[in-house]
Structure formats: C-alpha cells, structure tokens
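Descriptive structure summary
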Amino acid sequence: METPISKDHIEWVIPKPTLNDLSSSSSDIDNDIDLMLNHLQPYFPPSLLQNNFSVNQIKSRLAPDKVSDPSQRVRAAIRSCLKDETNQLEFVRLYQNSISVRFNEFFANFYNSMPTAQLVFLDYFHIIKTITTYYNSSLIHLNLSPLARNLCTRNINSLFYSNLIIRQNSKNSEQSQHQEDTYFLQSLREFLDVYVFKNTLANPFSDNSVNLIDIFTTLISINLNKDINQLLIQLSIQKIKSFIIANCSGIWDKPLLETITEFIQNEIYPNFSIIASYSADLNLTNSVNNVYLYDLIKLAQLELVSLRIKEIYSIILYYPNSSDGLYELYQCLSTKFNHHHYNQTPDQSHHSTNLINDITNLSNFSYLANYSLKSQAYQRAKLVDTFVDLCHKNLLHSGANTVDVITTYTKTIKSFLIIDPKGVLLDKVVRPIRRYLKTREDIIIKIVHGLLDDDESSNELIELAKELRRAKAKTSKKRSVVEDSLDMNWVPDPIDALPDFKKGKVSDIIESLISIFDSNEIFINEFTKLFGQRLVNLHNYDVTDIEERLNLLKLRFGKNEFTTLDIMIKDIKESKVLNKKLTARSGIQAPNFHTSILSHLFWPTVLENLSENDNFNLPPEINIKFEAYNSDYTSYMKGRSLKFLPSLGSVKIELSFNNKITQNFEVTPDRAAIISLFDDNSSELSVDFISKKLNMSPYMVSKGLSFWVKEGVLLELTKTLFIVNEDDAEEDVLHSASIPSAATLANSGSDKSINLKFKELEVLWPYLKSMLENISYLKFERVKTLLKLTVPKDKFDFGTIDDSKLEDYLDWLVDEEKLEITQQSYKLKE
Amino acid sequence: MKVKIVEWHGFSTWHWKLAADGDANSSAYVDELCGICRVAFDGTCPNCKYPGDDCPIVLGSGCTHNFHLHCIVKWLEQDTSKGLCPMCRQIFTYKESYPDMTEELANLKTLIDGHRVMRERYTEDNQEFEAFEEET
Ligand SMILES: [Zn+2]
Ligand SMILES: [Zn+2]
Ligand SMILES: [Zn+2]
C-alpha cells in the first residue's frame, strides 16, 4: 500500500487556495507543490543512494548529507502547501510512503550486497547518523506542528526498527527471527562490550575518540532504548556468569558473596547504570537505580546457586571445610526474593518496574526468562534431586564401603542443616541413604564401634564418638507421640516438607542413624557384646570409663534398655570389693590370686564362646589358691559357690634363667599354664605330654609353645619337642637391648639347625658388621684380633671357642650371603 | 629356668548350691529352674533386676523343691497355698542355712509359721468336733 508521493496527490489533499490566499501569494498552487517536492527529493540521503555505495564508502565516514537551506521561494511554497495541521498530517502520511519505499529499497540492497561480516557497529551507526541527519535537516524547514512532527518521527523510527532490529538477512528464515539477533544487534552488543564494559579482550584497539553520548542519544532518538537495555542486561548477566564460574567454581572454603557484590558494584553496575540513565524509559533516580543493583546481585546469587547445585556432592564430601560455601548457599536460598525492598521508599512505589520484570518480559530471550523459573522453590527442589542423583551414582551401590556411606551420611546431615536449618531438605536427601544403610549387614557393628572408640587414629567414624560425648544436655529421646503433642514450641512444618517429616529424627546424627532401624534391640545386643569383651579384658576392675559411656548411651537409647550390661558391670564392681575382702583373709603370699566373678546367665557373648577346650588344668599352686578362695567365698556368700573359667584372664609371670637374668611377661592363662610345666625342668617336653598333663587340646598347646619359642624362652627341638632356651634367653635380652632388630630378625632364619650351631656366636655379628663397614677388607687374623678388642668380655668370651669355630662362623656368614670372601679377605656382601 | 607366677587374674562364675552333696564340678545344675517362675535359680525372679544377693533362693527341707525366695514368699502369702509346696503339696519347710536372718527370710518364716498355726487350729477344731461327736 505504499504509494509514492506525487503532484496529483498533493493537489488532491491540499484544497484550492482561497481568494485571500491568492491575494497574499503571487504563485499558483501547482507550482508550489512542484517546488516543495523538488526540495524534498530524493526522500533519502543521496550519498547512500549512489550506485557505487560500498563498504569503503561507509568506512570513510563522509559527513552526513544535509538538505540545503531552501530558498525564499521554496519556503513560501512550503508555507502555502502546509498551511494548517490537517494539511500537514495528510502530507506526512504521503511523505512517509515515499520515505518507506526508499528506506526499504536501501536496506534490501544493503543486506544483499554488503559483506555484513565486515561491518562493525560504528558502520551501522554511520548509516543511522546519515539518515537521521538527513531527515532532521529536511523536516526542520517544513515547520510542522508538534503532532505532525511527532507522527513523522514515529514513522521514521518504525522504519529503523523494522530494518535494523526485526528485518533479518535474507538467508535466515522467519522462524529464526526470535532466536537470533540481527547483524546490527550483534554489532551493538559487541560495541557495548568493548566501549561500555571495557572489554579490551574483544577489541584491544578500541577507539577512545568514540562519542558515546552522541551514539546513545542518537540510538535513543530512534527509540532503541529498550533494545539497548536488553543487551545491557544480557551482557551483564553473561559477565556475572563468567565471573562466578571463574572465581567460585570449586571454592567452598571461604565466603564469596562479598567479592561477587563488589564485582557487580565496581565492574558491572557503573557501566550499566550510566547507559541505563540514558536509555531507561523512566527518569531514574538513585534509589531506582539501586533497584537495578539489587537485581543484578540477586541474579548473581541465582547464578551461584546454579553452580553450587552442580557441585553439591563434592561440597558435602568436603565438609567441614566447605562450611563457608554451605552457609552462603543458605543465604542465597533464604534471602526473600520479592520486592518489599523497593517499597521501603513510598515515593518510589510506582516504579513497579525492575530488572527481573524487564527480563521476564523479554520473551524473545528465552534463556533469560529461565531466571524467573529459578525461584527458590525450584532451586531447592533441584538441589535435592541433584544430590540424590549423585548419591545413587557415586555412593549407594553394592561395592560401597559402609563406613564411607555413614561418613557421607553424617556430612550430609551437617551440611544440609546449614543450607536449610529447618531440616526439610535434609529429610528428603537422607531418605535414599537411610534405605541403603538399612540393607548393609555390617552397619550395626560399624555404628557401635564408631560410637565407643575415642581413638581418632583407629576410629573411622570418630564423629559419632564425639557426637555421643556432646549428648550431655539431651534427655532420653524415646520416640513417643505424647511428647510430640506436648511440644509447646510447635510450629507448622514448612510447605515443602514431606508428610512424615520430623526434624529431630534427621537432624541429630546419632538419632538419625539409630532410627534407620525399627528397634533399638539390635544396637543394645551389639553394645552388650562389645562391652562384655571390654570387661573381660579389663584387669584392674575399674569400670568408670565403661559406666560413663553406658550412661551416655542410656541417654540415647533409654535408661532401662541395658539390664544385662548393668548386671555385668555390677559383677565386676562386686568382684573388686570381694577380692579385697577375701584376699585380705587368705593372706598375701605369692602368687597374688584374684578373680572376676560373673553372673553366668548374663554374660552370654563371653561364655557362649567357651568350650570344653577352655577347661584345662591350672598350675597346682593356682588351683590351691582358687580352692581356698572358693571356700572363703562359700562361707562368705552363703549358699553359693564358684566355678573357675581357666582360659579367661591374665597372668603376670617372671622367668629367671640360670644366668640370673629375669624376664617378665603378662600372658593368657593357657600360656602361663604351659610355661609353668618348664619350671625347674631342663628336660624337653612333648606336646603330647603337656596336653595330657594340662588336659588341654594339642592345638592349644602347640599355639602356646610357639608363642614361647617366638619370645625366645623355649627352643623347638622338633615339631613336637620343646626345651627351655637357657643360653638363648640371655642373648635375646642382650640383643633387644643393644642391637637393631634387623639382626634378631635375620637370626630367626629358616635354617634352624645351622643357626643353632652358631647361636652363641651371633652376638659378634653387629660388631663384625660395623667393623667391615669402616674397613672394607679384613683377613681372618685381623678380624679375630679386632673382635677380641671391641667385643666386651661380658658379652662374649673368646676363651670359650677356638679359631676354627670362629672361622666356621665367618664361612657360614658367607654362605648366608652376609659376607663375601675375596683374596682371603672378608668383606660385607653388598 | 624358674617360673614364678606373680599374679593370676582369673574369671569364675557363681552358682547357687542346690544339691546337698554340693557337687560343684557338675554343670548340670545350671539349667535348674524355679518351679514357680520358670527362671533359672542363677537368674532372677520376675520382680528383680540383679541376681544373687538381691534375689536369693530357698532350699526346701521337707521336700526336694527349691525356689526363689521372692517366688515362694509370694506363693505362701496366699491363704489358698495352705503353706504347701506348690510342686508336691507337702508342707513347705526350708533349710535354715543362713545364720544371719534377713528381713525377707524372717518374713518367710512368719508365713510358714502362720500357715502351721492355721493348720494346727484346724486340726484341733476337727479333733474337738470328733470328740464331741464321740460323746454324743
Ligand atoms: Zn522364681
Ligand atoms: Zn527376686
Ligand atoms: Zn516339694
């Protein structure tokens, strides 16, 4: 419907002059129209219409064309043609049609022929400037009324808009219009990046002479402020995003929100607000500007949360070192994301607009619209889903180690309570872990040991032991409905809580682990077993530590749940008292005998493991002691008697050898009983003999004997014959006192018979070794002399051996590859 | 080599001596249960937590039946027991092996004596009645 302006049209719209007109004017109307149209030709900057219009021409930035000042005659003609507003409006509509044709022709031609890739924003701007200058200079002489002038400007602006912003290059289909910026917008974005955000990386040769004010006022004059704002927002977000990726990824051990805010305040916001102050529709005051700042910070927080969601599993594993990161995640997720903020100053309340609204209104930038979806509720849900997903992938598979899962579980509890102190998210993320833990067979043992072992080096779950110690203030947590309903501090559960959400159940680590199982009994049994073992290994009857621990457990599991353990502890305490009384009666002659007295029905885990094999004969002196003790007991505790459990307990013995050397041992009763048979007995004993004598299984006897062989007290003559190692015992003591254990280790070599032959000489080896380390080669005679000089007489008496024995020993060392012999000299084998 | 045992920390279990011969080597008595509560003697009656001194046993002397002290007291407190052993219905008496009488044992003694008095009165009445009958 674009009809070029013509003389006929003008004649048609412009009424015949009145008489008055005729009298005041010497010209006829036809002539006036010709003159005016002639003046307005060609309705577009001539320089842009030249046939040789090229990239070079644009780049040369020729001064914009201006329409030359009209002559008096033309001015008169214009006045007579555009006499009143009606004439002017009709004229503008027609004039617009002419402009449209030229405008569209030009851009069609421009997009078809120009190598757009070579154009930068300043090239586009040159064209825009040329066009706007041309029309401004052309319109100024028409003396249009404000209304007509405004109409004209709007028309021209919409031509710019359709050709720069909407019009797409011929190659692009219509569908892509909403997804891709036009070349112009791309160049504008690039320009803003370089000149506004000072991105020198994008264009290190940016031209400082560029007149930003001219550029922005011009763009705003053709009504592109909304587009500039959009690009500014896009760019800001992009920059914030890459700043966060670069500066926050994997960094969880220090606060970062302040750095982010500073970055926005110093790097993003100043540029943003300067341009916004030109381009915003509203006359922005400082406080409204602050709305944009707040929104940028909020955007940054959303961005940070998105990053943290991706990292959540690692963050949890990194706990407690990630506490700072977790706390900031909590801050980002809990800051109220609404706009009360702005309403604090009443006079600003009408500025309902803000960045977030702006962004969400920009439906043609779909990725920006996502921000509105990323509300806190969405992010909380996403956080839970991501974590649960990663748990399944990384942790909750059949090959996982129970301790690792428990550790992750406790870290999850602590971390998620930071992120969400109400525990709603925690409740959701722990459910799959709890389900998994319930299937692990070893979980009870792991938890029980974790709770009771205070040794950091051996307890992989030391956190549990610490947690148990922290329990002091907590009263018994029996799960009861009555208690719940009496809770005065009751508040409704948060809206995203699951129906059976209960904070206490998930937030307390121990309670949380225990409650995986429906009944406490399984734990109580394990505690009873573990404590039973400890009480049996306890040799000073001091149950203070165990009692203290039991009291902590009672706080958790209930006071009356540990009847068996109470009886066990009482047994040990009473034994202590009784031992004092009864041993006082029977005198204190050696050996010192005392016994723990157990109520046999209440020590199942200890006594069930005993068999007939444990019922061996005691050394007679101990048997006598026990019988005396038992009869004292019977007379003291009327109606009761004792039954001895020979295999339990601990024995201190002192072995003294022929050479006055004594050694002390603390051993199990079976070992004590075995070695007692060698008392004052220099002949060898067989396994069979010992087994019969002690009524002990041969297996147990053999095990006991090899213990004493290992200690150097006995010698193994054959597999079944043993004898006291009188000399060796002396040597062993010396070895352990003066020589590095490597030597003793080497002595226990496999070839016992040869070893035995040189046993007495082995004391020489360390001296020999250090000698040869200092003097590499030594003939036998030198060796002998030096050894005599260096080895103290009380360690080895050379009078007891002859030279050939020493020589044999040295040769044996050669065979053993400790020494080697070259040219009749000994040296250390390398 | 001399072996000197300096100290021996052993472990034992205690048991009520039930059999008169005091055969301490036999482990058969371990399983013997109180005829009233069906719990082992070395355990506790249903009302006690700690076995042993806190919940002693009583050995029958009239018959061979033994009970937790608390169990037999509870039984004898009922008039319907008539002072009889709940297992064999003989008059219940016990071995007074404790020289120092505890309060609980004194209570048992009172109950047994009470039942004896009741029995004697009943027999006297019957005899009087019989004598009266004979007279008429
Ligand atoms: Zn009973
Ligand atoms: Zn009782
Ligand atoms: Zn009876």
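Residues numbered from 1 in each chain as written. Chains lettered and ligands numbered in written order. Predicted model: local features only at pLDDT ≥ 70, side-chain atom pairs only at ≥ 80, totals over all residues. Heavy atoms only, no water.

Some words on the coordination of the zinc ion (ligand 1)
Worth spelling out the cut-off: Only nitrogen, oxygen and sulfur atoms qualify as donors, provided they sit within 2.8 Å of the metal or within 3.2 Å for Na, K and Ca; with water excluded from the atoms, sites may seem incomplete. The cut-offs for exposure are 20% and 50% of the maximum accessible area for each residue type, with area from a 1.4 Å probe on protein chains only; residues under the lower value are buried, those over the upper are exposed, and the others partly exposed.
For the zinc ion (ligand 1), the protein coordination sphere consists of Cys34(B) (SG), Cys37(B) (SG), His68(B) (ND1) and Cys71(B) (SG), at 2.1 to 2.3 Å. The class of His68(B) is buried, set by a relative accessible area of 0%.

Focus: the pattern of salt bridges
Residues and elements named next belong to chain A. Filter applied, for reference: The term salt bridge refers to a pairing of a side-chain nitrogen on Lys or Arg with a carboxyl oxygen on Asp or Glu at a separation within 4 Å. Counting from the N terminus, the helices are the DSSP runs of H or I reaching at least four residues and the strands are the DSSP runs of E reaching at least two.
As enumerated under the stated definition, the model contains 26 salt bridges over all chains in all. The residue Asp-389 makes a salt bridge to Lys-393 at a minimum N-O spacing of 3.5 Å. Placement of both Asp-389 and Lys-393 in helix 19 (residues 376-394) is noted, with a separation of 4 residues, approximately one turn of the helix. Residue class for Lys-393 comes out exposed when judged on its relative accessible area of 58%. Within this structure, Asp-454, Arg-469, Asp-545, Glu-548 and Arg-549 form a network of salt bridges that share partners.

A word on the sheet that holds strand 7 (residues 778-779) of chain A
The strands making up a sheet associate through hydrogen bonds between their backbones, and the pairing can be parallel or antiparallel. Residue and element names in this part refer to chain A. Formally: If DSSP finds at least two bridges between two strands, the strands pair. Contacts: residue pairs with any heavy atoms within 4.5 Å of one another. Axis lines are fitted through C-alpha atoms, for helices just across the contact stretch, and the angle between N-to-C directions can take any value from 0 to 180 degrees.
Read across the open sheet, the 3 strands follow the order 7-9-8; overall the sheet is antiparallel. At either end of the open sheet lies a strand with only one pairing partner, and these are strand 7 and strand 8 (819-822). Taken together, the 2 bridges between strand 7 and strand 9 (residues 825-828) define a ladder with antiparallel strand orientation. The partner of Lys-779 across the bridge, within strand 9, is Ser-825. Here helix 40 (residues 803-815) sits on the sheet in contact with strand 8 and strand 9, set at roughly 105 degrees to strand 8.

Topic: unusual backbone geometry
All names here are of chain A. Along the chain, Tyr-319 connects to Pro-320 via a cis peptide bond; the corresponding omega equals 5 degrees. Structurally, Pro-320 is set in the loop between helix 14 (286-318) and helix 15 (323-334). Unusually for a residue other than glycine, Tyr-541 sits at a positive phi of about 60 degrees. If you trace the backbone, Tyr-541 turns up in the loop between helix 27 (521-536) and helix 28 (544-557). You can call Tyr-541 buried: its relative accessible area is 8%. For Glu-817, which is not glycine, the phi torsion reads 65 degrees and is therefore positive.

Description of the nonpolar core
This is how it is decided: By nonpolar core is meant a set of buried Ala, Val, Leu, Ile, Met, Phe, Trp, Tyr and Cys residues that side-chain atoms within 4.5 Å join together. For every domain, the bounds stem from an assignment made automatically or drawn from a database.
Within the largest apolar cluster, 166 residues are counted, with the highest numbers of intra-cluster contacts made by Phe184(A), Ile264(A) and Phe527(A). The two domains that each donate at least three residues to this core are domain 1 (6-169) and domain 2 (226-374) of chain A. Apart from the residues lying within four places of it in its own chain, the contact partners of Phe184(A) are Phe121(A), Tyr124(A), Ile128(A), Leu164(A), Ile165(A), Leu219(A) and Leu224(A). Formed by 70 residues, the second largest nonpolar core is a distinct cluster that contains Ala673(A), Trp708(A), Ile5(B) and Phe92(B).

Considering the packing of aromatic side chains
Between two aromatic rings, the relevant description is the distance of the centres plus the angle of the planes. All names here are of chain A. Definition in use: Within 6.5 Å between ring centres, the rings of Phe, Tyr and Trp (the latter by its six-membered ring) count as paired, and their orientation is classed by plane angle as stacked under 30 degrees, edge-to-face over 60, tilted in between.
Summed over the entire model, instances satisfying the criterion amount to 28 aromatic pairs over all chains. For the pair Phe-103 and Phe-107, a centre-to-centre distance of 5.6 Å together with 25 degrees between the ring planes defines the contact as stacked. Of this pair, Phe-103 and Phe-107 both sit in helix 7 (residues 85-113), 4 residues apart, roughly one helical turn. Taking relative accessible area as the criterion, Phe-107 reaches 1% and is therefore assigned buried. Measuring from ring centre to ring centre gives 5.8 Å for Phe-523 and Phe-557, while their planes differ by 45 degrees; the resulting arrangement is tilted.

Overview of helix 8 (residues 121-140) of chain A
This is how it is decided: A helix is expected to reach a length of 1.5 Å times the quantity of its residues less one.
With 20 residues, helix 8 of chain A should reach 28 Å at 1.5 Å per residue; the first-to-last C-alpha distance of 28 Å fits that figure. Of all 20 residues making up helix 8 of chain A, 17 are buried, and the element is well covered by its neighbours.

What to know about the interface of chain B and chain A
In plain terms, the rule: What counts as buried area is the accessible surface, traced by a 1.4 Å probe, that two parts surrender upon association, with contributions from both included. Identification of polar contacts relies on pairs of N or O atoms within 3.5 Å, with a donor-acceptor requirement for protein atoms, meaning one able to donate a hydrogen and the other able to accept it, and with residues adjacent in sequence counted only if both atoms are side-chain atoms. For this scheme, ten residues count as nonpolar: Ala, Val, Leu, Ile, Met, Phe, Trp, Tyr, Cys and Pro. Four count as charged, namely Asp, Glu, Lys and Arg, and the remainder, Gly too, count as polar.
With 33 residues of chain B in contact, the opposing surface of chain A contributes 60 residues. Summed over both partners, the interface of chain B with chain A buries about 4400 Å², with 58% contributed by carbon and sulfur atoms. Of the charged contacts, one joins Asp54(B) and Lys570(A) as a salt bridge, the two residues approaching to 3.7 Å between their closest N and O atoms. Counting across the chain B and chain A interface gives 30 residue pairs in polar contact (both at pLDDT 80 or more). Within the side of chain B that touches chain A, the residues separate by chemical class into 16 nonpolar, 9 polar and 8 charged.

Re the coordination of the zinc ion (ligand 3)
As a benchmark, a tetrahedral metal site with four donors has ideal angles of 109.5 degrees, while an octahedral site with six donors has ideal angles of 90 or 180 degrees. All names here are of chain B. Basically, it comes down to this: Irregular is the default label, applied whenever a site is not tetrahedral (four donors, all angles between 85 and 135 degrees) and neither square planar nor octahedral (four or six donors, opposite donors over 155 degrees apart, all other angles between 65 and 115).
Taken together, Cys-63 (SG), His-65 (ND1), Cys-85 (SG) and Cys-88 (SG) make up the protein donors of the zinc ion (ligand 3), found 2.0 to 2.4 Å from the metal. With 4 donor atoms in place around the zinc ion (ligand 3) and angles of 104 to 116 degrees between them, the coordination shape is tetrahedral. Read in sequence order, the donor residues for the zinc ion (ligand 3) give the motif C-x1-H-x19-C-x2-C. A relative accessible area of 8% places Cys-63 in the buried class. Overall, His-65 belongs to the partly exposed group, its relative accessible area being 24%.

Brief notes about the confidence of the model for chain A
Residues and elements named next belong to chain A. The condition is simple: The pLDDT value tells you how sure the predictor is about a given residue, anywhere from 0 up to 100.
Model confidence for chain A is summarised by a mean pLDDT of 77, while 77% of its residues fall at 70 or above. Long-range and interchain partners of residues 169-178, a stretch whose pLDDT sits below 50, account for 7 contacts in this model, where long-range means more than four residues apart. Note that residues 473-487 has pLDDT below 50 and, in this model, 19 contacts with residues that lie over four places away or in other chains.

What about the pairing of strand 3 (residues 662-667) of chain A?
Residues and elements named next belong to chain A. Alternating residues of strand 3 divide into Gln-663, Phe-665 and Val-667, all buried, and Thr-662, Asn-664 and Glu-666, none buried. Alignment of strand 2 (residues 640-656) against strand 3, held across 6 bridges, turns out to be antiparallel. Bridged to Ile-653 within strand 3 is Phe-665.

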